[in-house]
Amino acid sequence: MADETVDVKMQDTSKPDVGEELERETDSSEYVEMWIDLFLSRKGNEYFCDIDPDYITDRFNLMNLQKTVTKFTQVIQYIIDELDESILEKLSPTKLEQLEADARKVYGLVHARYIITIKGLQSMLEKYKDADFGRCPRVYCNFQPLLPMGLYDVPGMDSVKLYCPSCEDLYLPKSSRHNTVDGAYFGTSFAGMFLHTFPETVPKHPTKKYVPKIFGFELHKQAQLARWQELQRLKLEKHLQEIDVDLSKNGGFKN
Ligand SMILES: [Zn+2]
């Protein structure tokens with residue numbers, strides 16, 4: 001453990017810039033301690049893919065995100081496990097909690113950008129194939145895998161929704177955990193970009209549609225019946241008025 005601390009400090013001294021390429025240990029014991037892996041393994045974060053650290057450390061990809069949190073550089077360093085442990089140790093539990101919340105937010109916002117890149121789309125394709133985003137609850141969609149998306153690109157507006165490429169409609173995630181995930185972390189363009197990039201994933205538009213029935217009658221026949229009944233009622237009203245029946249009074253007795 002002590003050796004790891006020294007390693008981190010040495011890396012910080014030699015590579016103080018977040019934008020520089022990072023060398024990562026492949027040792028499995030260190031691997032599980034990485035912030036991104038911990039984040040992805042938490043329940044409720046199943047829709048997120050693993051962002052390539054090279055993408056997160058490229059300042060070009062972080063443009064206009066700096067103002068979303070205070071101490072942006074520190075948050076990025078925290079996400080990629082490059083934040084000096086001495087800084088972490090000095091943080092109060094409240095500040096550490098804030099740093100963790102900021103890291104989740106920044107990861108989400110970078111995620112929205114990453115998943116519309118070639119690498120990100122590829123990662124999401126794997127998750128889509130595994131139906132990590134769930135399947136369409138509509139019977140005639142035959143368990144079609146869904147795609148996560150946001151109705152807004154600005155965070156704090158609405159939670160993530162699920163798009164079915166078969167019935168072309170949106171659904172709420174089944175789990176309450178997913179219903180609290182910000183839609184902006186997936187964005188408004190991802191689903192469209194995904195289907196455009198992987199046209200083979202676009203299912204055949206379903207022609208089968210359920211027509212409601214009541215005791216074997218299709219609902220439009222029921223509607224026809226209702227219209228006929230209404231016509232009969234109007235005819236009767238007209239007849240009653242002709243014979244001086246006051247329809248405004250209960251019972252409709254003749255004056
Ligand atoms: Zn569907």
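Looking at an unreviewed UniProt entry, one finds the protein named Casein kinase II subunit beta and attributed to Tetrapisispora phaffii. The UniProt entry for the protein carries the following comment under Function (unreviewed entry): "Regulatory subunit of casein kinase II/CK2. As part of the kinase complex regulates the basal catalytic activity of the alpha subunit a constitutively active serine/threonine-protein kinase that phosphorylates a large number of substrates containing acidic residues C-terminal to the phosphorylated serine or threonine." Heading Subunit (unreviewed entry) of the UniProt record for the protein holds this comment: "Tetramer of two alpha and two beta subunits."

On to the domain arrangement of the protein, then. Many descriptions give the size of an interface as the accessible area lost when the pieces come together. Segmentation of the protein into domains returns domain 1 (35-121), domain 2 (132-201) and domain 3 (213-243). Using only C-alpha atoms to locate each centre, domain 2 and domain 3 end up separated by 43 Å.

With that settled, consider the environment of Trp 35. Note on placement: Trp 35 falls in helix α3 (residues 35-41). Take Trp 35: its relative accessible area is 5%, and that puts it in the buried class. In sequence terms Trp 35 and Tyr 78 are 43 residues apart; their C-alpha atoms lie 7.5 Å from each other. Of note is the side chain of Trp 35, whose polar atom sits 3.2 Å from the side chain of Glu 100.

Glancing now at the layout of surface pockets. A volume near 200 Å³ is recorded for the second largest pocket. Among the elements that take part in the lining of the second largest pocket, helix α7 (residues 93-114) stands out by supplying three residues, more than any other. Tallied by class, residues from the lining of the second largest pocket come to five nonpolar, three polar and six charged. When residues of the lining of the second largest pocket are sorted by domain, at least three fall in each of domain 1 (35-121) and domain 2 (132-201).

Pairs can form between side chains of opposite charge whenever their charged atoms are close. Overall, the coordinates contain seven salt bridges when judged by the stated rule. In this structure, Asp 132 and Lys 127 form a salt bridge, with 3.2 Å as the shortest nitrogen-oxygen distance. Using a relative accessible area of 31% as the deciding quantity, one classes Asp 132 as partly exposed. Here Lys 127 falls in the buried class, since its relative accessible area comes to 13%. Sharing partners across several salt bridges, the network here consists of Arg 42, Glu 100 and Arg 104.

Let's shift gears to the packing of aromatic side chains. Aromatic rings considered in pairs are described by the distance between their centres and by the relative angle of their planes. Here the structure, examined in full by the defined rule, presents 14 aromatic pairs. Taking the centre distance of 5.1 Å and the plane angle of 65° together, the rings of Phe 39 and Phe 48 count as edge-to-face. Across the pair, exposure class does not vary: Phe 39 and Phe 48 are buried alike. Feature note: the residues Trp 35, Phe 39, Tyr 47, Phe 48, Tyr 78, Tyr 107, Phe 133, Tyr 185 and Phe 186 constitute an aromatic cluster, connected by ring pairs.

Time to look at the nonpolar core. Ile 56, Ile 79, Tyr 107, Phe 186 and Phe 194 are the most contacted members of the largest nonpolar core, which totals 52 residues. Those elements that provide at least two residues to this core are α3, α4 (53-56), α5 (72-79), α7, α8 (118-129), β1 (147-149), β2 (161-164) and α9 (190-197). Element by element, the count of residues in this core is highest for α7, at seven residues. Filtering out sequence-adjacent residues up to four positions away, Ile 79 remains in contact with Trp 35, Ile 36, Ile 56, Ala 103, Val 106 and Tyr 107.

In this section: the coordination of the zinc ion. Protein coordination at the zinc ion: the donors are Cys 136 (SG), Cys 141 (SG), Cys 164 (SG) and Cys 167 (SG), at 2.2 to 2.3 Å from the metal. Geometry at the zinc ion is tetrahedral, judged from the four donor atoms that bind it and their angles of 103 to 116° at the metal. By relative accessible area, which is 5% here, Cys 141 ends up buried.

As for its placement among the helices and strands, Glu 97 is situated in helix α7. The exposure class of Glu 97 is exposed, given its relative accessible area of 61%.

A separate point is the pairing of β2. The alternating pattern of β2 places Lys 161 and Tyr 163 on one face and Leu 162 and Cys 164 on the opposite face, and all of these are buried. Two elements, β1 and β2, share three bridges in a ladder whose sense is antiparallel. Residue pairing across strands places Leu 147 opposite Tyr 163, the latter belonging to β2. As paired strands, β2 and strand β3 (residues 169-171) are joined by three bridges and run antiparallel to one another. Residue pairing across strands places Leu 162 opposite Tyr 171, the latter belonging to β3. In this antiparallel pair of consecutive strands, β2 and β3, the connection spans four residues, and Glu 168 shows a positive phi of 55°.

Parameters at a glance
Residues numbered from 1 in each chain as written. Predicted model: local features only at pLDDT ≥ 70, side-chain atom pairs only at ≥ 80, totals over all residues. Heavy atoms only, no water. UniProt positions renumbered as here; feature names shortened; annotations may be inferred. Domains from an automatic or database assignment. Helix = DSSP H or I, 4+ residues; strand = E, 2+ residues; numbered from the N terminus. Buried < 20%, exposed > 50% of the residue type's maximum accessible area, 1.4 Å probe, protein only. Polar contact = N/O pair within 3.5 Å; in protein donor to acceptor, adjacent residues only side chain to side chain. 1 Å grid on protein atoms, 1.4 Å probe; cavity = no way out; pocket = protein on both sides within 12 Å on 5 of 7 lines; lining within 4 Å. Points joined across faces, edges and corners; volume = space filled by probe spheres on them. Nonpolar A, V, L, I, M, F, W, Y, C, P; charged D, E, K, R; others polar. Salt bridge = Lys/Arg side-chain N within 4 Å of Asp/Glu carboxyl O. Phe/Tyr/Trp six-rings, centres within 6.5 Å; stacked < 30°, edge-to-face > 60°. Core = buried A, V, L, I, M, F, W, Y, C linked by side-chain atoms within 4.5 Å. Contact = heavy atoms within 4.5 Å. Donors = N, O, S within 2.8 Å, 3.2 Å for Na, K, Ca; no water. Tetrahedral: all angles 85-135°; square planar, octahedral: opposite > 155°, others 65-115°. Pairing = 2+ DSSP bridges.

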